[in-house]
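Each chain is listed here by its residues.
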Amino acid sequence: MALPTTRDITVSPTSPIPSALANKLQDMITGWKFPAMDFPHPACDWRPQGGGSGLLGDGQWTFGGLTILMAKIRLPVGTLISSCTFGYNRGGAGTIDVYLKKRNIVTGAAVVVVATSADVTGSAWETAVLNPAYTVEADFSVWLETRCSNGANIFGGAKINASRL
Amino acid sequence: MPLPLTRDHTAAAAAAVRANTWNKLQDMVVGAAMPTLDFPHPACDFEIGAGANPPLLGDGQWTVPVAPANVIQSSIVLAPGTRIVSVKFGYNRAGAGTLLFRLRKRDFAGGAAANIDTVSVVAGAAWATVSLITPYVVEPDMQVLIDVTLDNVAHIFGGAIVTVDRMVL
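As the structure is a prediction and not an experimental result, all values here were calculated from the model. (Residues numbered from 1 in each chain as written. Chains lettered and ligands numbered in written order. Predicted model: local features only at pLDDT ≥ 70, side-chain atom pairs only at ≥ 80, totals over all residues. Heavy atoms only, no water.)

Caption draft 1: Just the interface of chain A and chain B, in detail. Contacts between the two partners involve 39 residues from chain A, matched on the other side by 53 residues from chain B. In total, chain A and chain B occlude about 3,600 Å² of area from one another, counting both sides; carbon and sulfur atoms represent 61% of this. Its largest share of buried area at the contact with chain B, chain A owes to Arg47, Arg74 and Ile105 of chain A, together 21% of the area lost on that side. For the salt bridge of aspartate 45 of chain B with arginine 74 of chain A, the shortest nitrogen-to-oxygen distance reads 2.6 Å. One can count 20 residue pairs in polar contact (both at pLDDT 80 or more) joining chain A with chain B. Counting residues per element, the ones that place at least two in the side of chain A that touches chain B are helix H1 (19–33), strand S2 (47–48), strand S5 (67–72), strand S7 (96–104) and strand S11 (140–148) of chain A. Split by residue class, the side of chain A that touches chain B holds 21 nonpolar, 9 polar and 9 charged. (Contact = heavy atoms within 4.5 Å. Buried area = accessible area lost by both parts, 1.4 Å probe. Salt bridge = Lys/Arg side-chain N within 4 Å of Asp/Glu carboxyl O. Polar contact = N/O pair within 3.5 Å; in protein donor to acceptor, adjacent residues only side chain to side chain. Helix = DSSP H or I, 4+ residues; strand = E, 2+ residues; numbered from the N terminus. Nonpolar A, V, L, I, M, F, W, Y, C, P; charged D, E, K, R; others polar.)

Caption draft 2: Inspection of the pattern of salt bridges at higher detail. Summed over the entire model, instances satisfying the criterion amount to 16 salt bridges over all chains. We note a salt bridge from lysine 72 of chain A to aspartate 45 of chain A, for which the minimum N-O separation is 2.9 Å. With lysine 72 of chain A in strand S5 and aspartate 45 of chain A in the loop between strand S1 (37–42) and S2, this pair connects stretches of sequence that are 27 residues apart. Classification of lysine 72 of chain A as partly exposed rests on a relative accessible area of 22%. Among the charged side chains, a salt-bridge network with shared partners connects Asp45, Lys72 and Arg74 of chain A together with Asp45 of chain B. (Buried < 20%, exposed > 50% of the residue type's maximum accessible area, 1.4 Å probe, protein only.)

Caption draft 3: Molecular detail of the sheet that holds strand S7 (residues 99–107) of chain B. Residue and element names in this part refer to chain B. Across the sheet, which stays open at both edges, the 5 strands sit in the order S2-S5-S11-S7-S8 with antiparallel pairing between neighbours. Both edges of this open sheet fall to strand S2 (47–48) and strand S8 (113–121), since each of them pairs with a single strand only. With 8 bridges joining them, S7 and S8 adopt antiparallel strand pairing. For arginine 106, the partnering residue across the bridge sits in S8 and is alanine 113. (Pairing = 2+ DSSP bridges.)

Caption draft 4: Representation of the nonpolar core within the structure. Judged by nonpolar contacts, the single largest core of 39 residues is most densely connected at Ile84, Val87, Phe89, Phe101, Val144, Ile146 and Phe157 of chain B. Listed by contribution, the elements that provide at least two residues to this core are S5 of chain A together with strand S1 (37–42), strand S6 (83–92), S7, S8, strand S9 (127–132), strand S11 (142–150) and strand S12 (156–166) of chain B. For this core, the element with the most residues is S11 of chain B, which contributes 5 residues. Residues contacting phenylalanine 89 of chain B, with those up to four places away along its chain left out, are Ile105 of chain A together with Phe101, Arg102, Ala128, Thr129, Val130, Leu132, Ile146, Val148, Phe157, Gly159 and Ala160 of chain B. Within the second largest apolar cluster, 28 residues are counted, among which are Trp46, Ile81, Phe140 and Ile160 of chain A. (Core = buried A, V, L, I, M, F, W, Y, C linked by side-chain atoms within 4.5 Å.)

Caption draft 5: Fine view of the environment of isoleucine 154 of chain A. All names here are of chain A. With respect to the secondary-structure elements, isoleucine 154 resides in strand S12 (residues 154–163). Take isoleucine 154: its relative accessible area is 21%, and that puts it in the partly exposed class. Once the C-alpha coordinates of isoleucine 154 and leucine 80 are considered, the two residues, 74 residues apart in sequence, prove to be 29 Å apart. Those residues in contact with isoleucine 154 that sit more than four places away from it in its chain are Gln60, Trp61, Thr62, Phe63, Tyr88, Asn89 and Trp125.

Caption draft 6: The arrangement of the pairing of S1 of chain B in detail. Residues and elements named next belong to chain B. The element S1 is extensively covered by neighbouring structure, given that 6 of its 6 residues are classed as buried. Of the two faces of S1, both are covered, the one formed by Leu37, Phe39 and His41 as well as the one formed by Asp38, Pro40 and Pro42. Inspection of the sheet shows S1 paired to S12 by 6 bridges, in the antiparallel sense. Paired with aspartate 38 across the strands is threonine 163, a residue of S12.

Caption draft 7: Examining the side chain of serine 74 of chain B more closely. Its location among the elements puts serine 74 of chain B in strand S5 (residues 72–75). If near-sequence neighbours (up to four positions away) are discounted, serine 74 of chain B is found in contact with Arg74 of chain A together with His41, Asp45, Phe46, Leu145 and Ile146 of chain B.

Worth remembering: the numbers are spatial, not functional.
Laid out in structure tokens, this is it:
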């Protein structure tokens, strides 16, 4: 076993530190501080805004009409959100909007859309990808949102790709 | 680019390791174990507790259709040993009623619940923040949560920020 599971070697008290160990530690710190990671937001991580007509099923939401779903992002300040991928089936009807939004909870200023896209054409299971390159700011709430407008729509969840944790 | 983006320098085989690189590595390990981090708890991170008057989740904030509203709660999912140093809440009292903000815990094993820190807001008519600042180290077998009570239809709640300065991964 070696790093990162156990020590590569134990350096004795008066021995020089091997250069290979110093290089490996530098690489591990770099990878540790800046991993690119996917964070899933399954269907059960979402909640309807203002009620709506969404129904949480077995890993997906279905709808009776316009419904807004929101999912929290709890990544710490300084995290870089590279992409947000939403999985859904428009079912050939209505509009599915997806958003990354933020709001400053200290000032209470209006909600800001960081990134958004709309699908008005799809009829099979697919994904929509936002590439916001957004770094979570101090004092901001950040969340994902989707608006499904038709009873044919199905929403499965999302994932966030983030680094600089 | 230096650490932590890339290596500071590549130590050649059989060469001595530079002291400044070695010291920086130590500092970064300390910083990784003891960072000060802010974790946002957006409005949509809160769940509605039991009662007859559920508050209403809007576009990044909670409002109160019928007062007093059921309490709303948000879980703090941090490993035991993590130290919470503050919880900041964003709200608008709008000149009426009382808002109550709490940091609470409940023992899985014994089932007992207790306040860690609380604050009531009875003044203010504009958007503002209030913070709980009693440090708390997350204990084993303990659920930790924040909750908010809104008792007037004028109230708006926007979310919270949990700050930690000792992170256990």
